[in-house]
Amino acid sequence: MTLASQTNLRRVNNMSYANRNDYEPQYVGQASAFSHVRHVGQSSLTNDVNSNSDEQWVHDVTIQIKEYSSLEEGWDSYGAPPISIGAISGATAIVQQLQGLPRPFVAPTSEGGVTFEWHRKGTNFAMEILDVDDIEVTYNLLSGDSWSGALTDLPIDASQVADLIFSDPSR
Amino acid sequence: MPDPPLEQFEDDESLDGDEGLFRRLRPDWVVWDENDTGKISRVSGVAFQLQSVEAAERLGYPGRCMSIALERTVMEDPRGVDALVGGPLATYGVARVTAWQMREQQFGLQIVPELDEPWHVVAFPLDSISRAKTAQTPLAEKCKIVRVPQRPAIL
């Protein structure tokens, strides 16, 4: 994980805690950014695809992502560019930080990126890696609220989204 | 690609809301049933993503858009939906949405016939790119699969 990527995610943490007067150490990086998500996810491993252990799915997904480097221009039948080296590097680094979460759906995107997607009963959270420092998030909540933009601009705490996706077994 | 390149998108409001529109489905753009039944659990929102800025420029469009196919023109071909997924695209599936569903998600629609794809239509965002991104999941949830893609051997 590059320092730039860590900074990218550190901004999210700082923003998330800014209104709560909580202390958040600097350079927390991705592991901290997803720590709450991971904690919640471990208690409720229900998602599209989660049939194997964390280590196994992280290994499998890492191989899957690396295979995207062989996709040539037009690979989606609609003129998509190849998946960028930065997207593959960023995605393979991030997937190491997702251990403990339900296995996401992973796919190449028409923008030349890699998407991680969690979906559960009307709530969808997608993280598209376009480059090592270019991560976009899109979520659609059961309430009808939706948002898309840079990870650094995420308007709600990532843990809120995690709660919605992973922690309420009644939904 | 359009010849000449499009200078701007124009929403074709004559397209009735009930018109069917097809979108090709890559096998890895659907979530397969984890019990290995060969069934599809759901379609991912990536199936309804706009093309990249670079691809739009290269293909002669004035902005990012999504290629789809007009059902009634496709069905004039004796191959039916298979006409969309021949040759190297044989593993692809086809999803169907309606013009109304696209417009509900703030997409304009323009018929842009191409030499090898006379049914070609582009859906372009009437609002922002961000709005188009939040439309991906609703479209994926509402689409009907009319041709099932071929499940990859290794997931």
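Residues numbered from 1 in each chain as written. Chains lettered and ligands numbered in written order. Predicted model: local features only at pLDDT ≥ 70, side-chain atom pairs only at ≥ 80, totals over all residues.

Let's shift gears to the overall build of chain B. Check the secondary structure of chain B and you find 5 helices and 8 strands. Of the regular secondary structure in chain B, the N- to C-terminal order runs β-β-β-α-β-α-β-α-β-β-α-α-β. The C-alpha atoms of chain B give a radius of gyration of 15 Å, which matches the 15 Å a tight globule of 155 residues would have. C-alpha atoms of chain B, sized along the principal axes, occupy 50 × 35 × 30 Å. (Helix = DSSP H or I, 4+ residues; strand = E, 2+ residues; numbered from the N terminus. Rg over C-alpha atoms; globule rule 2.2 N^0.38 Å.)

Our next topic: the interface of chain B and chain A. Counting from both sides, the interface comprises 27 residues of chain B and, opposite them, 26 residues of chain A. Elements with a contribution of two residues or more to the side of chain B that touches chain A: β3 (40–43), α1 (53–59), α4 (129–134) and α5 (136–142) of chain B. At 4 residues, the largest contribution of residues to the side of chain B that touches chain A is made by α1 of chain B. Among the residues forming the side of chain B that touches chain A, the class breakdown is 8 nonpolar, 11 polar and 8 charged. (Contact = placed C-beta atoms within 7 Å. Nonpolar A, V, L, I, M, F, W, Y, C, P; charged D, E, K, R; others polar.)

This part takes up the confidence of the model for chain B. Residues of chain B with pLDDT of at least 70 account for 99%, and the chain-wide mean is 93. In the predicted assembly, ipTM is 0.91 and pTM is 0.83. (pLDDT = per-residue confidence, 0-100.)

Moving on: helix α5 (residues 85–96) of chain A. All names here are of chain A. Over its 12 residues, α5 extends 17 Å from the first C-alpha to the last, a length consistent with the 16 Å expected when each residue adds 1.5 Å. The set of residues buried in α5 consists of A87, I88, G90, A91, I94 and V95. What you see down the axis of α5 is that its buried residues fit within an arc of 165 degrees, all on one side. (Expected span 1.5 Å × (residues − 1). Buried ≥ 20, exposed ≤ 12 C-beta atoms within 10 Å, placed from the backbone. Arc of directions from axis to C-beta.)

What follows deals with the sheet that holds strand β2 (residues 114–120) of chain A. Residue and element names in this part refer to chain A. One open sheet accounts for 5 strands, arranged β1-β2-β3-β4-β5; its pairing is antiparallel. Two strands in the sheet have a free side with no partner beyond their single neighbour: β1 (105–108) and β5 (146–150). Ignoring which end each strand starts from, the neighbouring axes of this sheet average 15 degrees apart. Of the strand pairs in this sheet, strand β4 (residues 134–140) and β5 are connected by 5 bridges, and their pairing is antiparallel. Counted as the bridge partner of T138 is S148 from β5. Contacts from α5 reach β2 and β3 (123–131) within the one sheet, and its direction differs from that of β3 by about 130 degrees. (Pairing = 2+ DSSP bridges. Axes fitted to C-alpha atoms, helices over the stretch in contact; angles between N-to-C directions.)

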